[in-house]
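Here's the letter readout for the chains.
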Amino acid sequence: MSHIQPSTPEGPAPHAILSSIPSDSHTWNLLFMQLLLSEQNWSVTNLGPCVPVEVLRDEAVARQPRLIVISTVNGHGCQDGVRLARTLRAVPALATVPMVLGGKLDVDGSKAATMTGELRDAGFDEVFVGGSAVTDFLGYLRRMAPATATERT
Amino acid sequence: MTIRPNARTGRFHDFMVAARRDRRLVVQPRMGFDHPAVMRSGLIATRGARATTVGTLTLDSFTRVGDFAAVDRALDAGTRLNGYPIVNYGPAFTRAMLDGVLGADFPIQVRHGSSLPGRIFEALIASGIDASEGGPVSYCLPYGRTPLRRTVAAWRAAGRGFAALREQGVEPHIETFGGCMLGQLCPPAMLVAISVLEGLFFARLGIASVSLSYAQQTHPGQDAEAIAALGSLAAELLPGVEWHIVLYTYMGMYPETRHGALGLVADAARLAAGTGCSRLIVKTAAEADRIPTIAENVEALEVAARAAEGAPPIPSGTDTGILDQARRLVDAVLGLSGDVGAALIEAFAKGYLDIPYCLHPDNAGDTASLITGDGRLEWSRTGALPIPRPGPARRDRLTSRGLLDALSHVKRRYDARIPPQPKEIP
Ligand code: B12
């Protein structure tokens, strides 16, 4: 898949794992997020759609990423997301790795602010929905930058 | 009652044969709700819409991937699903939900996007439903990570089981989803080829009533040419099978404004009517955002039916080579094996079939596409496809902005249209 693999950024780039939830097969969102992250100088492992939580957990333990990004749009993001976060956070090695979720998370247009609380309680650091999701996420990445810059030296 | 060998009835099959005879475009929603009472009301509203309609049960994502425990958890917790969980509800429950709704005057199809559809076919057959949708490629590559080999085997088994309904006097119907392939940015010839190949796959399993799909893309003239090509190849390759063409309203990133969304479905209806398609699947004004309501579905059905009325025939226009490309793809695949399923697996392994921007591990990923200045969807790289190269292979680096621009081409065009002004009342 040469044309969609991001070229390796110059210098050691911080590593992110990108994944969907077990029930979601949409991939355009994943491709978009992969490109976006690599343009921000991240190296990305894109696990693709319909990722079983155990697969994500094992990949994360093995790769120890600086960031885990979950992207989903099928409307099951809240339900699958809560289980996913709890499973990952239960692993000591993954207890503090930054982990965010975004996309279209329920079947009503992701308007309910209530679900964000539940997702955060389950272990997500940030939840990005609606028209400003991408801008907000870019801001979040910038705020992370000091840590990643240190890592690079 | 004894059933004569040739006196099979299929609700969906018979309804479509009659509609085609009377030249009525059938319109159909992509509707699916988890709550049985809402699902039932949705079907009744579909039946009552001012249009010739058939009903749909669109299944939820957990059922699609076979996670029936997650369905149970959601039903227990009262969390909403994105479709109807037909397996967990069981046939008696679904029969009761459909009682007095499903009938010869209102057939129902199950749409599900499942790469391993065994349990779903068992459930729909036991629920008295005789029409579904899918295919060994089109329900695999865009729908997750199941290896193509497993999906082909699972669809072969499910297709045979469905075909066996014929021994009981039922004529089952299957629609290929091959005309969609990721919804967008897959050039028309590939959609036509996969649709025909999946139709043939089903015919060889003994299914005698199929529909071949094609999804509206970026340019109406190009779409008309593709639909004509699909008809030509189907006529050649599916003798003895009752088939029709079903058009999907645009399956990619959808306009978010009301006028844009309804304008696009109206254009799809004109395209369907003007090119002699028999059925149209609509999209609603809520498509860009969330699962549509019953009222939004009915609105889309009626907008489509109105637009189709008196739509002028669309000639297929200049030949840009879609039929030729599609024929080369089909011939190359069928040359690989006498068994269509085996040929499809081999074709993806060799890159004879290769879907642009598809992340599935069994897709070679050496092709790419672009939208030309005049709005046509063309190959920019053909990899190992057995078709003429479109010129020197372009290796423009894909960026997030470039991708989003291509994905939102249709959306931007329709959202930018001037909305119709309400007439002033003097
Ligand atoms: C193309 C498409 C498909 C294709 C997908 C092919 C593929 N392999 O990807 C097909 C036809 C196969 C498909 C299938 C289904 N689909 Co679909 N699909 C779409 C469609 C039309 C376009 C998606 C697209 O191209 N997006 C382009 C990308 C770039 O945009 P995006 O996905 O919205 O992502 C953006 C933001 O959400 C955000 N974002 C996303 N993730 C993240 C993560 C982070 C961290 C951040 C910051 C931001 C972010 O950034 C992106 C850029 O702005 C949308 C509706 C629409 N948007 O018009 C429906 C839609 C997403 N699908 C939907 C559904 C429900 C399904 C199905 C379950 C079938 C069904 N019941 O209708 C199945 C999926 C099966 C499964 N197992 O889940 C629903 C989801 C409903 C909801 N959330 O309320 C939608 C909204 C349509 C609808 N209104 O019903 N689909």
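Residues numbered from 1 in each chain as written. Chains lettered and ligands numbered in written order. Predicted model: local features only at pLDDT ≥ 70, side-chain atom pairs only at ≥ 80, totals over all residues. Heavy atoms only, no water.

Looking at the overall build of chain B
Each helix and strand counted, chain B has 16 helices and 10 strands in total. Its C-alpha atoms give chain B a radius of gyration of 21 Å, within 12% of the compact-globule value 22 Å for 426 residues. Overall, chain B is about 70 × 65 × 45 Å in size when its C-alpha atoms are taken along their principal axes. Burial status across chain B gives 59% buried among its 426 residues. (Helix = DSSP H or I, 4+ residues; strand = E, 2+ residues; numbered from the N terminus. Rg over C-alpha atoms; globule rule 2.2 N^0.38 Å. Buried < 20%, exposed > 50% of the residue type's maximum accessible area, 1.4 Å probe, protein only.)

Here's the deal with the overall build of chain A
What chain A contains, in helices and strands, is five helices and five strands. When the helices and strands of chain A are listed from N to C terminus, the series reads β-α-β-α-β-α-β-α-β-α. Taken over 153 residues, chain A has a buried fraction of 57%. The long-range fraction of contacts in chain A, counting pairs at least 24 apart against all pairs at least 6 apart in sequence, stands at 80%. (Contact = heavy atoms within 4.5 Å.)

Thoughts on the packing of helix H9 (residues 188-204) of chain B against helix H10 (residues 220-237) of chain B
All names here are of chain B. Contact geometry of H9 with H10 gives a least axis separation of 10 Å together with a crossing angle of 25 degrees. By the angle between their axes, H9 is roughly parallel relative to H10. Crossing of H9 against H10: the hand is right-handed. Here H9 contributes Pro188, Val192, Ser195, Val196 and Leu200 to the contact with H10, which in turn contributes Gln222, Ala226, Ala229, Leu230, Leu233, Ala234 and Leu237. (Axes fitted to C-alpha atoms, helices over the stretch in contact; angles between N-to-C directions. Parallel < 35°, antiparallel > 145°, perpendicular 65-115°, else oblique. Left-handed = near helix turned anticlockwise from the far one by under 90°.)

A short note on the confidence of the model for chain A
All names here are of chain A. In the predicted model, chain A carries a mean pLDDT of 89, and 86% of its residues have values of at least 70. Per-residue pLDDT stays below 50 along residues 1-9; that stretch engages in 25 contacts with residues further than four places along the chain or on separate chains. Taken together, the stretch residues 149-153 has pLDDT below 50 and engages in five contacts with residues farther than four places along the chain or on a different chain. (pLDDT = per-residue confidence, 0-100.)

Concerning the coordination of the cobalt atom of the ligand
By definition of the ideal shapes, a tetrahedral metal site with four donors has angles of 109.5 degrees and an octahedral site with six donors has angles of 90 or 180 degrees. If you check the protein contacts of the cobalt atom of the ligand, you find one donor only, His26 of chain A (NE2), at 2.2 Å. One can find His26 of chain A in the loop between strand S1 (15-19) and helix H1 (28-39). (Donors = N, O, S within 2.8 Å, 3.2 Å for Na, K, Ca; no water.)

Brief notes about unusual backbone geometry
Residues apart from glycine generally show negative phi values, whereas peptide bonds are mostly found in trans. Residue and element names in this part refer to chain A. The phi dihedral of Asn41 falls on the positive side, at around 75 degrees, and the residue is not glycine. Within the element layout of this structure, Asn41 appears in the loop between H1 and strand S2 (43-46). The partly exposed category is assigned to Asn41, whose relative accessible area is 26%. Of note in this structure, Cys50 is not a glycine but carries a positive phi near 45 degrees. Along the chain, Cys50 turns up in the loop between S2 and helix H2 (53-63). Exposure remark for Cys50: the relative accessible area of 9% places this residue in the buried category.

Considerations on helix H4 (residues 68-77) of chain B
Count 3.6 residues to each turn of an α-helix, and residues three or four apart come out pointing the same way. Restricting attention to buried positions, one finds in H4 of chain B the residues Phe68, Ala70, Val71 and Ala74 of chain B. Around the axis of H4 of chain B, the buried residues are gathered within 155 degrees of arc, so they sit on the same side. Those residues of H4 of chain B that are exposed and aimed more than 90 degrees away from the buried face are Asp76 and Ala77 of chain B. Where H4 of chain B is buried, its residues contact helix H3 (77-89) of chain A together with helix H3 (61-64), helix H5 (86-89) and helix H7 (118-126) of chain B. Looking one or two residues beyond H4 of chain B, the residue adopting positive phi is Gly78 of chain B, at roughly 75 degrees. (Arc of directions from axis to C-beta.)

What to know about the nonpolar core
Within the largest apolar cluster, 146 residues are counted, with the highest numbers of intra-cluster contacts made by Leu67 and Phe137 of chain A together with Leu57, Ile86, Leu280 and Ile355 of chain B. Among the elements that make up this core, the one with the highest residue count is H9 of chain B (11 residues). Non-local contacts of Leu67 of chain A, meaning those with residues more than four positions away in its chain, are made with His15, Ala16, Ile17, Leu37, Trp42, Val97, Pro98, Val100, Tyr140, Leu141 and Met144 of chain A. Core analysis: the second largest hydrophobic core is formed by 25 residues, Val51, Ala60, Ile70 and Val127 of chain A among them. (Core = buried A, V, L, I, M, F, W, Y, C linked by side-chain atoms within 4.5 Å.)

A word on the pattern of salt bridges
Residues and elements named next belong to chain B. Applying the stated criterion across every chain, the model contains 26 salt bridges over all chains. Put simply, Arg270 and Asp267 hold a salt bridge, and the shortest N to O gap is 2.6 Å. Here Arg270 and its partner Asp267 are both found in helix H11 (residues 258-274), three residues apart, which amounts to about one turn of the helix. (Salt bridge = Lys/Arg side-chain N within 4 Å of Asp/Glu carboxyl O.)

Comments concerning helix H4 (residues 114-122) of chain A
Residue and element names in this part refer to chain A. Taken together, the buried positions of H4 are occupied by Met115, Thr116, Leu119 and Ala122. Taken around the axis of H4, the buried residues stretch over an arc of 125 degrees, which confines them to a single face. In H4, the exposed positions that point more than 90 degrees away from the buried face belong to Thr114 and Asp121. Buried residues along H4 sit in contact with H3, strand S4 (99-103) and strand S5 (126-129). Phi for Gly123, located one or two positions after H4, is positive at around 135 degrees.

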